[in-house]
Amino acid sequence: MLRYRTPMVQARRRVARGLRALKEAMDEGPLIDGLVDVGRWLEEFHPRSLVELDYGGLVHALPAGELEDDHSAADVAEGIEALRHGDGEAAGAAYGRLVERWRAVRDRRSAN
């Protein structure tokens, strides 16, 4: 089992900060649109609720070592922080790690 949990208030704050950083760093596009959608979705829940990301059946599809080395949330946070400081190169590197990690997962799913 692998889950990330955070209070709704923090989740909404993170989405707002991320959206602000993205809008200042790039033109409108699917990444911004997706984050707007997530923000709207989070607004539907009670402010004192929790947000949970549950990896569900994915934990059975990936070796334990890969899950232990999953730093997706940290990569997203690092990329957004880099954008906030105007460091597009560091933001791109963080995003690249994230994309590569999940591309490998997607490829594994498609291979079955």
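It should be noted that the structure appears before, not after, this text.
In this report, the structure presented in the accompanying data block is examined. (Residues numbered from 1 in each chain as written. Predicted model: local features only at pLDDT ≥ 70, side-chain atom pairs only at ≥ 80, totals over all residues. Heavy atoms only, no water.)

## Focus: the packing of helix 1 (residues 8-25) against helix 2 (residues 30-42)
No. 1: Interaxial distance between helix 1 and helix 2 falls to 10 Å at its minimum, and their mutual angle equals 155°. When the axis of helix 1 is compared with that of helix 2, the two are roughly antiparallel. Here the hand of the crossing between helix 1 and helix 2 comes out left-handed. Contacts between helix 1 and helix 2 involve Met-8, Ala-11, Arg-12, Val-15, Gly-18, Leu-19, Leu-22 and Lys-23 from the first element and Leu-31, Ile-32, Leu-35, Val-36, Val-38, Gly-39 and Leu-42 from the second.
No. 2: Among the residues forming the contact of helix 1 with helix 2, the class breakdown is eleven nonpolar, two polar and two charged. (Axes fitted to C-alpha atoms, helices over the stretch in contact; angles between N-to-C directions. Helix = DSSP H or I, 4+ residues; strand = E, 2+ residues; numbered from the N terminus. Parallel < 35°, antiparallel > 145°, perpendicular 65-115°, else oblique. Left-handed = near helix turned anticlockwise from the far one by under 90°. Contact = heavy atoms within 4.5 Å. Nonpolar A, V, L, I, M, F, W, Y, C, P; charged D, E, K, R; others polar.)

## Remarks on the pattern of salt bridges
No. 1: Inspection of the entire model under this criterion finds ten salt bridges.
No. 2: Asp-54 serves as the salt-bridge partner of Arg-3, at 3.4 Å between the closest nitrogen and oxygen. Linking Arg-3 in strand 1 (residues 3-7) with Asp-54 in strand 2 (residues 50-54), this pair joins segments that are 51 residues apart in sequence.
No. 3: You can call Arg-3 partly exposed: its relative accessible area is 36%.
No. 4: By relative accessible area, Asp-54 is classed as partly exposed at 38%.
No. 5: Taking the shortest distance from any N to any O, the salt bridge between Glu-78 and Arg-97 comes out at 3.0 Å. Taken together, the positions of Glu-78 in helix 5 (residues 72-84) and Arg-97 in helix 6 (residues 88-111) put the pair 19 residues apart, joining distant regions of the chain.
No. 6: We classify Glu-78 as partly exposed; its relative accessible area is 40%.
No. 7: The partly exposed category is assigned to Arg-97, whose relative accessible area is 35%.
No. 8: Connected via shared salt-bridge partners are Asp-70, Asp-75, Glu-78, Arg-97 and Arg-101. (Salt bridge = Lys/Arg side-chain N within 4 Å of Asp/Glu carboxyl O. Buried < 20%, exposed > 50% of the residue type's maximum accessible area, 1.4 Å probe, protein only.)

## Thoughts on the packing of aromatic side chains
No. 1: Within the structure shown, the criterion is met by three aromatic pairs.
No. 2: Ring centres of Tyr-4 and Tyr-55 lie 6.0 Å apart, and the angle between their planes is 55°; on these two criteria the pair is classed as tilted. In this pair, Tyr-4 sits in strand 1 while Tyr-55 sits in the loop between strand 2 and helix 3 (58-61), placing the two residues 51 residues apart along the sequence.
No. 3: Overall, the relative accessible area of 31% leaves Tyr-4 in the partly exposed class.
No. 4: Its relative accessible area of 9% is what places Tyr-55 among the buried residues.
No. 5: Aromatic rings pair up to connect Tyr-4, Tyr-55 and Trp-102 into one cluster. (Phe/Tyr/Trp six-rings, centres within 6.5 Å; stacked < 30°, edge-to-face > 60°.)

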